[in-house]
Amino acid sequence: MSTIAARLAELGIVLPNPVAPIANYVPFVRSGTLLVVSGQISLGPDGLMAGKLGGGVSIEEGQKAARQCGLNVIAQIQSAVGNLDNVIRIVRLGGFINCTPDFLDAPKVMNGASDLMVEVFGDKGRHARSTIGVAALPANAAVEVEAMVEIA
């Protein structure tokens, strides 16, 4: 068992099946040692975590949605490279938070995905990040997360 697979098992995490694209794009692109993962929405085993932060969705619910996006990102990484031990570093995460104009805690929401990367990959999971509040996301998803990953 790979080191990261063992870590996932230790954390009690079972990765979801990678979600197929819903439009004209691919789920990831590999260019040399760079892997770019397309935005993953907050679709989990119980369905889509939807709604607006600051408009009925709590920060804690948003963090869970961001974490689910992070799990979906990791599932795409695994689909791209097979063994997650091939991840050299999570370079960057981009987070999009579906929120009301006056919601100011988008960075707190995005911590759901960022914290997951560090839990799973350790120091290799520490990354640069942008978090943006947006007026809408596909299917009214609460959160969407994209990633840039250095791979072996």
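In this text, all values refer to a predicted model and were calculated from it rather than measured experimentally. Every chain begins its residue count from 1, and numbering advances along the sequence as written. For a predicted model such as this one, the threshold for reporting local features is a pLDDT of at least 70, and the threshold for listing and counting side-chain atom pairs is 80 or more; totals across whole chains, interfaces and linings nevertheless cover every residue. To obtain the side-chain values, all non-hydrogen atoms of the structure were included, while hydrogens and water were left out.

(A) Looking closely at the overall build of the chain. Each helix is a run of DSSP H or I of at least 4 residues and each strand a run of E of at least 2, with the numbering of both proceeding from the N terminus. Across its full length, the chain carries three helices and seven strands. Each helix and strand of the chain, ordered N terminal to C terminal, gives the series α-β-β-β-β-α-β-α-β-β. Here the C-alpha atoms of the chain give a radius of gyration of 15 Å, agreeing with the 15 Å that 2.2 N^0.38 yields for 152 residues. Along the three orthogonal principal directions, the C-alpha set of the chain runs to about 45 × 35 × 30 Å. Think of it in three bands: with a 1.4 Å probe and only protein chains considered, a residue is buried below 20% of the maximum accessible area for its type, exposed above 50%, and partly exposed in between. In the chain, which comprises 152 residues, the proportion classed as buried is 40%. Contact criterion: two residues are considered in contact whenever any of their non-hydrogen atoms come within 4.5 Å of each other. A sequence separation of at least 24 residues applies to 81% of the contacts in the chain between residues at least 6 apart. For the chain, the exposed area adds up to about 7,400 Å²; of that, 55% sits on carbon and sulfur atoms. Put simply, the radius of gyration uses C-alpha atoms, and a globule should come to 2.2 Å times the residue count raised to 0.38. Shrake-Rupley sampling with a 1.4 Å probe provides the accessible areas, and residues are treated as covered by the protein chains on show and by no other component.

(B) Seen up close, the environment of Val118. Its place among the elements puts Val118 in helix 3 (residues 106-121). Among the residues examined, Val118 registers a relative accessible area of 24% and is labelled partly exposed. When the C-alpha atoms of Val118 and Leu8 are compared, they prove to be 12 Å apart, with 110 residues separating the residues in sequence. Excluding anything up to four places from it in sequence, Val118 contacts Gly125 and Arg126.

(C) Seen up close, the pattern of salt bridges. Just to be clear on terms, a salt bridge is a Lys or Arg side-chain nitrogen sitting within 4 Å of an Asp or Glu carboxyl oxygen. Across all of its chains, the model carries five salt bridges by this definition. For Arg92, the salt bridge identified is with Glu146, shortest N-O distance 3.4 Å. Residue Arg92 is found in strand 5 (residues 87-98), and its partner Glu146 is found in strand 7 (residues 143-151); the two are separated by 54 residues along the sequence. By relative accessible area, Arg92 is classed as partly exposed at 26%.

(D) Here's a closer look at a nonpolar patch on the surface. A cluster of nonpolar side chains, Val26, Val29, Leu34 and Val36, forms an exposed patch at the surface whose accessible area comes to about 290 Å². Along the polypeptide, Val26 turns up in the loop between helix 1 (3-11) and strand 1 (28-31). According to the relative accessible area criterion, Val26 is partly exposed, its value standing at 46%. Residues enter patches when their relative accessible area tops 30% and they take part in no salt bridge; the joining distance is 9 Å for like charges and 5 Å for the nonpolar side chains Val, Leu, Ile, Met, Phe, Trp and Tyr.

(E) Expanded view of the nonpolar core. What is meant by a nonpolar core is a set of buried Ala, Val, Leu, Ile, Met, Phe, Trp, Tyr and Cys residues, joined one to another through side-chain atoms within 4.5 Å. Within the largest apolar cluster, 37 residues are counted, with the highest numbers of intra-cluster contacts made by Ile77, Leu84, Phe121 and Val143. Breaking this core down by element, the ones donating at least two residues are helix 1, strand 2 (34-41), helix 2 (59-81), strand 5, helix 3 and strand 7. Setting aside residues up to four positions removed in sequence, Leu84 forms contacts with Ile4, Leu8, Leu15, Ile74, Ile77, Gln78 and Phe121.

(F) Focus on the pairing of strand 1. Across four bridges, the pairing between strand 1 and strand 2 is antiparallel. The residue of strand 2 that forms the bridge with Arg30 is Leu35. Whether two strands pair comes down to DSSP finding at least two bridges between them. Linking strand 1 back to strand 2 in an antiparallel pair, the connection comprises two residues, with Gly32 at a positive phi of about 65°.

(G) Fine view of the layout of surface pockets. A pocket here means an open set of points on a 1 Å grid, computed over the protein atoms alone, that has protein on both sides within 12 Å along at least five of seven lines. A cavity is instead a set of points where a 1.4 Å probe fits but cannot get out; residues with an atom within 4 Å of a point line either one. Grid points are joined across faces, edges and corners, and a volume is the space filled by probe spheres set on the points. Estimated volume of the largest pocket: approximately 240 Å³. What lines the largest pocket is a set of 15 residues, among which Val19, Ile22, Tyr25, Gly39 and Ile41 lie closest to the centre. In terms of residue count, the dominant contributor to the lining of the largest pocket is strand 2 (four residues). Polarity classes work like this: nonpolar for Ala, Val, Leu, Ile, Met, Phe, Trp, Tyr, Cys and Pro, charged for Asp, Glu, Lys and Arg, and polar for all others, with Gly in that last group. In the lining of the largest pocket, the residues fall into nine nonpolar, five polar and one charged.

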